[in-house]
Every structure is written in structure tokens, then in C-alpha cells.
Amino acid sequence: MGEFKVHRVRFFDYMPSAIRAMAFNSHTERLAVARADGAVEIFNFADNYFQEKVIPGRDGRAVEALCWVGRRLFSAGLDGELTEYDLENLRPKYSIEAYGGPVWTISGNSQGTLLAAGCEDGTVKMFEILDERIQFQRNLDRQKGRIISLAWHPSGTKMAAGMMDMIRIFDTETGSATHRMLVERGAGASKSKEVVVWSVAFLSDHTVISGDSAGKFQIWDGSTGTLIRSHPVTKWDVLVLSVSQDESSVIAGTSEGTVVQFQFIASTAGQEDKHWFRTRTFKNHSHDVRALVHTDTAVVSGGMDTQLVVRPLLDKVEKNTQESALRKIAFPHRNLVSCAKKAGLLLFQFPDHLELWRLGESDGNGAPGEILPVKRKPEKLIQLKRKGEDHICCSALSPCGSWLAYSTVSSVRLYRLTLSSNSVSIQKVSKLPKELRSVHQLCFSLDSSRLFASSSLSSVVVVALDQTECRCLHTLKHKSGSKQPIHILCPSEDGRWLAAANTDCEIHVFDLHKKKLHCSVPAYSSCPTAVSIHPASCSLVSVHADQQIFEFSLKQKEYTEWSRQLQRQGLHPLWLQRDTPVTRVTFNPTNPAHIVLHDAFMFCIIDQSLPLPKAETKLYNQMVLRSFPQPQRSRESHAFKICKNFQCTLCEKKQGKQPHTNVKMKATQAWS
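Reading the values: the criteria
Residues numbered from 1 in each chain as written. Predicted model: local features only at pLDDT ≥ 70, side-chain atom pairs only at ≥ 80, totals over all residues. Heavy atoms only, no water. Buried < 20%, exposed > 50% of the residue type's maximum accessible area, 1.4 Å probe, protein only. Helix = DSSP H or I, 4+ residues; strand = E, 2+ residues; numbered from the N terminus. Arc of directions from axis to C-beta. Contact = heavy atoms within 4.5 Å. Core = buried A, V, L, I, M, F, W, Y, C linked by side-chain atoms within 4.5 Å. Salt bridge = Lys/Arg side-chain N within 4 Å of Asp/Glu carboxyl O.

Q: Give a description of helix α1 (residues 561-569) that names residues and reports values.
A: Residues of α1 that are buried include every one of Trp 562, Ser 563 and Leu 566, and no others. For α1, the angular spread of the buried residues around the axis is 100°, confining them to a single face. Each element contacted by the buried residues of α1 is listed here: β48 (549-553), β49 (558-559), β51 (594-598) and β52 (602-607). Just beyond α1, the residue with positive phi is Gly 570, at close to 90°.

In C-alpha cells:
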């Protein structure tokens, strides 16, 4: 198998943005997450929590609140606008001015007919939800202070509004305020300091629950406007509340980074009278918890530390199962790094700029696992700032390093690069085909002569590149009728095939010579996270969000025998329990039997010539396995060669040019 030099890339200073708001759609099991930079991410909880869509942000667009109405997603922010998103084209569909100053909160009624917005000027504005847009209907009685939080009663006839120092109950049919509930400042608090009611919840029995800046969790009688009970939770702020679907549990997020659970239970067994009691406290965040979702089985939280945390409720799930494991989603489930193998370059994607780096070099030799001396350090060649206010949604670098492309929701930009040992120049291509307006994914052919761009209606635009002009050759379309966006594009090395995967879990393969659809891979229920075409066998290997692996022959248009055997035997339980999706698949150029794949923390080589591991087989990390005696290593040998804790890796064979590496692995020892 030879030796590999592994680049540990530690100069990609990617920092996720803080989480500002979340909304969960229990019917579709989709979680929408809004970041501080205005980006909105969609996670599919039914598909191993896969991040299936990302709508890029925009300068000046800070999302304060999110709300699902059926399958439609709305947001509001301090810019005073309400926005509906186009979840097929991954962009805002439209925005309308609320005309009430900054919008702090939005909430939709359970009937799906009205959207309420709480504004800076003290008004609650009601919008009617039409088929294609929303339309202003009327204002509820105007108040003296800003509306910070809103909650509908499930009947849709009443609404609770959190404000400064008080909570108002509105009759949504007449628009009048029926009750005013004053919130205490707390012991020792200054009389001049206002209490902010950050979050409210309105239960079916007309109980109102509030969380405020005095650190209190309070239960109110919404029918009479009286306080029932007050629970001091923290010395700081209770920022957000979320209620379980059966209304038996409420969770509260604090500025201390804790999540506190309250349950409606009897104080002792056998009693019929129930009250709200504090039952659990979770500490999974280092800073403010700004967003919470209470699902049937878990607490989902996010905040200033940027991590999305899924904390299972152990009384709702079976213990010692995959569902009972704590999950922390810290990195995107998509590639933000492009590699020009021939030129030894890396392109890093940030929301507002791109960075082009030349890899370092090392001519040292050493034993497997040793750190090699650096002969030439990595070098940043270009920092390219994006044009306009829209954030970058995708980017690509050609294999030869001569072309660079990126896209926002409004435009595509293409550049020619000229590299030498001492300098680099960049030139913008001024005239692009009109078909390249806005795309979701970009990639180049292996010979760098064509640019592939996924466009609207799940189609692919093919653009020819040369030094004089760029022209559109054709647009590739499949026949499934799906309009979901393509999130993976993968051309074959010989330039004949192009695989395109969309978020409808479809994989379509186009024949670039015949300029038409060649075949579609049989539909599978889980979304593809990585796809690649084998250069020798013309087989397509796909890895999915549920960690399943398939190999599909493009010549025979059916699954290969190895793939069928893998499905008959089943993947190892520990492999299936992994909670991080595989984001890239490639192949060993000197051994066709080796499939190479990785996620954010793991690097793996699958040797198709070896037997598959059985359920009782131990999946050793290869660095641990290397320490065993040779007879034991031989007994433990199987197809899956796993090496954990590689944050970002790039492998290339020892032959030819050697970029800088700081770890060397000898495959015959470390991977056996």
C-alpha cells in the first residue's frame, strides 16, 4: 500500500458564528438555526441530524427570530423586516417592512393563518399568511414599551406578550389588552433597573410561563392575570423558554450557559395535584444559551459558543443506544476547502472572503507517525474579498490552480490565476454566460477545461473555459421532477461522467459526451453526504447521512457485488453510531481496491480485497493496532482501516512532488 504523507492543515482559521434563534417543525422534523451573521441552516433530525441546507447571510441582516408555518420558514430582525425563505433556491424569497421599527420576535398561530410580530414601537402587528406572501392585517392595541417576546394560546384567540417590567394578555379577535401582569425586579435589585421579559409561553390551560432578566422562571394564571409561583433560576438572565408538545415539561436557557428543566408533576407519588417543579439542570455551553427547542426526546440548545447541542432526555429514550448519546455539532456538514492537487494549493471559504494558500514542503524521512521537519512553510498567496453584501455560498479551485470561482445568491465570479515560484496574479473574467446567475455548488473538471454549476430546479450548467472566453455549453436536467437544490457535484477523472446529488436523496449521473442523463441511482431514504466516481471501475461510491455506504456500477447500472455483500452483512455497529457525516470520498491511485474517506475527526481507508468486519469485531484505531504484535494484527485485519482525530487531512502518494507534511504514516504497518 506504500507510504502516505499527511498534511495537518492548521491555518484554516474557521470560526462558526453564534446561534441567535431556532425553530423546530415537528411535522417534517426539520430544525432551522439562525446565526449571528444572518445565515440560516436546516437540519434534518429524521436523517441523523444532517445539515441538509444552508442559506447564506448578508451584511446588515441579523436574524432575531425564526418561525415555521407549515413547511414555510419566516424570520425577523432588528432591521425591521420580515423575511420568507425559498427553501428550494436557498435564498430569501422576499422581505417586507413591518413599519414598527426593529422586530424582536415573531410567532405563528397553530392554525397557520396568522403571523404576529413584536416591534420596537410597542405594537403587535398581525399578518395574514397567503399562498405566496404575507399581508398586513392590523395592529393590536399599542403599548408604551417594545414587545420583546410573544406566544399564542393554542386556540388562537389569545396572545401573551413579554415587555419591559410586564406581560400583556391580548384578545386577538378584538385586538385589546385584557390583562397586565407586573414582573417583580427581585430582591436587592435597583428600582430604576427594568426587568426584560425575554421569553413567554402560553399553555392550553391558560397558564402563562415567563423567563426574565432578573433570573426568574414564573408561572401565571392567564385567565385572571395573577402570579401563581416564582422560581429563582439564576442570578443573571433567563433568555429563552421552550415547551414540550404535551406541555408537561418546559426548559429554560440562561446567560450562564445552563439549561434548566421544569416538569408538571405531583410532589409525591399517588397525589393527583400537580405543580411545576425544577427537575434537571444541564451545562453544555460556556456562554449565553440564546435558542432552545424541546423535542419529544431531547433538549436542543445553541448560543454564543456556536455549538448546536442535542441532549437526549434519558427518561424518553432507550439507554445505551445511539439515540441516547449527547451530540455536539460544531462544524458544517459541507466542504469549505477546495484542493488543487497538481499545484499544491488550498482554497479556504469564509462568509466574506476567500484565502488561497500554497502548501509547505518537507524532504525528510521518518518512521510512521513521526513529525517531519519543515523545509518550506505554508504561504498565504491571496485573500480575495467578495463583492456586494451577500455572503459567499460556494467556491471552487481548479485542479491545475489556474481558475478560481465563487458564488453568492445574486452573482457568480470567475478569476484566472497565474502562479510562479515568487508571485501570483489574479484576473477577473468580465463576461460570464447569463446562465451563471446564482448557483448552489461549483466544481471544475479534472483537466480544468470546464466549470460545472448547480442551478435552479436541480439542474447543472456546463461552462467551457479557455483564455479568450467562457461560454455555456449546455444545461443538464434529470427527469425526477425534484426541485430540491443540488448539494454535491462530482465529475469523473476521465471527463465522461458527472454525478449530482440533491437534498431529495437523489443521485443522478450525466454522460458529458452525450450531454444527457445516463442513469439515476436507486433512491435511498438518507441524504448523500459524499459521492465519488472510481477512475478505474467507473463505479460510483456514495456515503449517506445514516453512515451507509453504497457502490453503484455506471456501466451495468446496478449495485456492485461488493455493495450487495455489504448490505447483506451490514456495517459494523460502531461505524453506524458515528455522529459526524463523511464529507469526502476518493481513491488510492495505485491500488483500485482502496476507498479513502474522511469526516471532521476520522480518516479511513476501506480495502475491498479484505473481509468486512463482523459485528463482534473490534474496530481499533490504527495507531493502537500498530502497537500490537504482528500475529495479533493479522488476526484483527479487516476492510476498515480507521485513524481517528485527524482534523483536516490531505493525502498524496509518495511519488512525485512532496508538499510539506508533519506526519508520516507507513500504510503496511499503520493500516494493517
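Alright, that's what it looks like, and here's the rest.
Q: An account of the nonpolar core is needed here, citing residue identities and associated values.
A: Ranked by size, the top nonpolar core spans 21 residues in total, and within it Ile 549, Trp 575, Val 585, Leu 597, Ile 606 and Phe 640 carry the most contacts. Listing elements by their share of this core, those giving two or more residues are β47 (539-544), α1, β50 (584-587), β51, β52 and β53 (640-644). Tallying contributions element by element places β52 first for this core, with 3 residues. When near neighbours in sequence (up to four residues on either side) are disregarded, Leu 597 contacts Val 543, Ile 549, Trp 575, Val 582, Arg 584, Val 585, Met 602, Phe 603, Cys 604 and Ile 606. Counting residues in each nonpolar core, the second largest holds 18 residues, with Ala 396, Val 412, Val 429 and Cys 470 among its members.

Q: Break down unusual backbone geometry for me, with residues and values.
A: Its identity is not glycine, yet Asp 165 carries a phi of approximately 70°, on the positive side. Along the polypeptide, Asp 165 turns up in the loop between β15 (158-162) and β16 (166-171). We classify Asp 165 as buried; its relative accessible area is 15%. One non-glycine residue, Leu 457, lies in positive phi territory at about 60°. By secondary structure assignment, the location of Leu 457 is in the loop between β39 (450-454) and β40 (460-465).

Q: Help me get a handle on the pattern of salt bridges, residues and values and all.
A: Per the counting criterion, the structure on display carries 20 salt bridges. For the salt bridge of Asp 390 with Arg 58, the shortest nitrogen-to-oxygen distance reads 2.7 Å. Of the two residues, Asp 390 is situated in the loop between β33 (379-385) and β34 (394-397) and Arg 58 in the loop between β5 (50-55) and β6 (63-69); the sequence distance between them amounts to 332 residues. Here Asp 466 and Arg 471 are joined by a salt bridge, their closest N and O atoms 3.8 Å apart. In the salt-bridge network here, residues are joined through shared partners; they are Arg 20, Glu 64 and Arg 290.

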